[in-house]
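Remarks on the overall topology
Chain residues, written in single-letter form:
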Amino acid sequence: MHALVYHGPGRKAWEEVPDPEIIDEGDAIVRVDATTICGTDLHILAGDVPEVHVGRILGHEAVGTVDEVGDGVHRLSPGDRVLVSCISACGTCQYCREGRYGQCLDEGGWVLGHRIDGTQAEYVRVPYADTSTYRIPDGVSDEAMLMLADILPTGYEVGVLAGGVRPGDVVAVVGAGPVGLSAIASARLFSPSHIVAVDLSDARLEAARHFGADITINDSREDPVAVIKELTGRGADVAIEAVGTPATFEMAVRLARPGGRIANIGVHGSAAVLHLEEQWARDITITTGLVDASSTPTLMRLVASGLLDAARFVTHRFDLNDFEKAYDVFGNPGSAALKVVLTRSEGGEGT
Ligand SMILES: [Zn+2]
Ligand SMILES: [Zn+2]
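Residues numbered from 1 in each chain as written. Chains lettered and ligands numbered in written order. Predicted model: local features only at pLDDT ≥ 70, side-chain atom pairs only at ≥ 80, totals over all residues. Heavy atoms only, no water.

Quick look at the coordination of the zinc ion (ligand 2)
Quick note on the threshold: For Na, K and Ca the donor cutoff is 3.2 Å, while for all other metals N, O and S atoms count as donors only within 2.8 Å; water does not appear among the atoms, so some sites may look incomplete. Every geometry call rests on angle ranges, with four donors termed tetrahedral when all angles are between 85 and 135 degrees, four termed square planar and six termed octahedral when opposite donors are over 155 degrees apart and all others are between 65 and 115, and everything else termed irregular. For the exposure calls, accessible area comes from a 1.4 Å probe over protein chains only, and a residue counts as buried if that area is under 20% of its type's maximum, exposed if over 50%, partly exposed in between.
Coordination of the zinc ion (ligand 2) by the protein involves Cys90 (SG), Cys93 (SG), Cys96 (SG) and Cys104 (SG), with metal-donor separations of 2.3 to 2.4 Å. For the zinc ion (ligand 2), the 4 donor atoms in the first shell make angles of 104 to 118 degrees at the metal, so the coordination geometry reads as tetrahedral. Here the donor residues of the zinc ion (ligand 2) share one chain and are spaced in sequence as C-x2-C-x2-C-x7-C. You'll find Cys96 and Cys104 in the same group, each marked buried.

Describing the sheet that holds strand 12 (residues 256-264)
Let me state the cut-off plainly: We treat two strands as partners when DSSP finds at least two bridges between them. Numbering goes from the N terminus for both helices and strands, where a helix is a DSSP run of H or I of at least four residues and a strand is a run of E of at least two. Between the N-to-C directions of two axes lies an angle of 0 to 180 degrees, each axis being a line fitted to C-alpha atoms and, for a helix, fitted only over the stretch in contact. What makes two residues a contact is simply this: any of their non-hydrogen atoms within 4.5 Å.
The sheet built from 6 strands is open, its strands ordered 10-9-8-11-12-13 with parallel pairing. Among the strands making up the open sheet, the edge pair consists of strand 10 (215-218) and strand 13 (285-287). In this sheet, neighbouring strand axes are inclined to one another by 15 degrees on average, regardless of whether the strands run parallel or antiparallel. As judged from the 5 bridges shared by strand 8 (residues 170-174) and strand 9 (residues 194-199), these two strands associate in the parallel manner. What sits directly across from Ala172, in strand 9, is Val196. Sheet contacts for helix 6 (residues 178-187): strand 8, strand 9 and strand 11 (236-241); angle to strand 9, the most-contacted strand, approximately 175 degrees.

Focus on the coordination of the zinc ion (ligand 1)
In the first shell of the zinc ion (ligand 1), the protein supplies Cys38 (SG), His60 (NE2) and Asp150 (OD), at 1.8 to 2.2 Å from the metal. Donor residues for the zinc ion (ligand 1), ordered by position in the chain, follow C-x21-H-x89-D. Pair noted here: His60 is in the loop between helix 1 (39-45) and strand 4 (62-69) and Asp150 is in the loop between helix 4 (142-146) and helix 5 (151-161), with a separation of 90 residues, a long-range link. A single burial state applies to His60 and to Asp150, both of which are buried.

Focus: a negative patch on the surface
Let me state the cut-off plainly: Patches in this entry comprise residues that are over 30% relatively accessible and not in a salt bridge; like charges within 9 Å are linked, as are nonpolar side chains (Val, Leu, Ile, Met, Phe, Trp, Tyr) within 5 Å. Accessibility throughout is a Shrake-Rupley quantity obtained with a 1.4 Å probe, and a residue counts as covered only by protein chains that appear here. Each salt bridge in this description consists of a side-chain nitrogen of Lys or Arg and a carboxyl oxygen of Asp or Glu lying within 4 Å of one another. Just so you know, the count uses Lys and Arg for positive and Asp and Glu for negative, and it drops His and the chain ends. Taken as the charge location is NZ of Lys, CZ of Arg, CG of Asp or CD of Glu.
Judged by side-chain charge, Glu16, Asp19, Glu21, Asp67 and Glu68 come together as a negatively charged surface patch. Residue position: Asp19 is located in the loop between strand 2 (12-16) and strand 3 (28-36). Classification of Asp19 by relative accessible area gives partly exposed; the value is 47%.

Notes on the pairing of strand 11
Operational definition: Think of it like this: strands point away, you trace from the first strand over the helix to the second, and a clockwise trace means the crossover is right-handed.
The element strand 11 is extensively covered by neighbouring structure, given that 6 of its 6 residues are classed as buried. Of the pairings in the sheet, the one linking strand 8 to strand 11 comprises 4 bridges and is parallel in character. For Val173, the partnering residue across the bridge sits in strand 11 and is Ile240. Where strand 11 and strand 12 come together, 5 bridges link them in parallel fashion. Note on strand 12: the bridge partner recorded for Ala239 is Ile262. Assessed by its sense of winding, the connection that carries the chain from strand 11 through helix 9 (residues 246-255) to strand 12 is right-handed.

Brief notes about the nonpolar core
How we decide: Among the buried residues, those of types Ala, Val, Leu, Ile, Met, Phe, Trp, Tyr and Cys that are joined through side-chain atoms within 4.5 Å form a nonpolar core.
Counting 71 residues, the largest nonpolar core has Leu83, Met145, Met147, Leu148, Leu181, Ile184 and Ile240 as its most contacted members. If near-sequence neighbours (up to four positions away) are discounted, Met147 is found in contact with Leu152, Pro153, Ala310, Phe313, Val314, Lys339 and Val341. Counting residues in hydrophobic clusters, the runner-up holds 18 residues, among them Val174, Val196, Ile215 and Phe249.

Focus on a nonpolar patch on the surface
Together, Leu274, Leu276, Trp280 and Ile286 make up an exposed nonpolar region whose accessible area comes to about 430 Å². Relative to the assigned elements, Leu274 resides in the loop between strand 12 and helix 10 (276-279).

Coordinates in, geometry out; function isn't part of it.
So this is what it looks like as structure tokens:
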């Protein structure tokens, strides 16, 4: 088969590799029907995630068709259409028993395209297949479901739920990339009085309006702290950080009102400063987290019932064989790409 292989910082290729095989009895081999690229993949390619070894197939999001299952798989059969989540779950360790799948103590958590070969391929081996995949409801498109592999549960769980968004809240979201937009779209489900999006890109702020932000601030031109103070008199009830830089984290902390909540989603590669000399008396709560994808069944119902428009994230489409072109578009800030989707060409059984 073909797959997108990491060859060290800045180097990758769509190339011929051996087909994946069942290694453990809980594995399934899934034929990838649709996959996508995550900002985290760009971090890996930049060399920021050193535990990803040369030769690794990247990707942690897919929708596909079960091709083969190990003897220990009881709930899936060949031919089933499934979502392959970015988080694998052994299902039995202490953290998995608490629904905290991201912290799985066995070989689960974020492993696909990280510690084991991933989904940017024609086929993928999915460990703990019974507890790491979700059968796709009828009538929901592959593209919409693919957005539930990572971005929507991440924005919803690590942003909106961790931040405790409640009706009437003023919610500030710093960063209007796919995950920030997921936080905006899912915050709306709780009827906040305002959703304020902050970004340096006017194109992303325009997208934020489509996803439900009613106030947008380009922080190259306006000071978000001043705008939100003027709006509320005190600051945001919930500030969600969805970028992952020291400056945006520090901004999110300043945006929250006394007693407010700051939910960090961003993947940080360097130290950010918590100004306790300013914050110690402000009664703030800061949360961090890796997605568990425990909300996936809830999000599936919201998408299937039309309450959450997941397909709206898809801005570009490619054939799997054009993977390198898709990376060029996704990695180019000028392309205004949110999510790119790669699918097999008609009737393609692989090459
Ligand atoms: Zn991701
Ligand atoms: Zn586990």
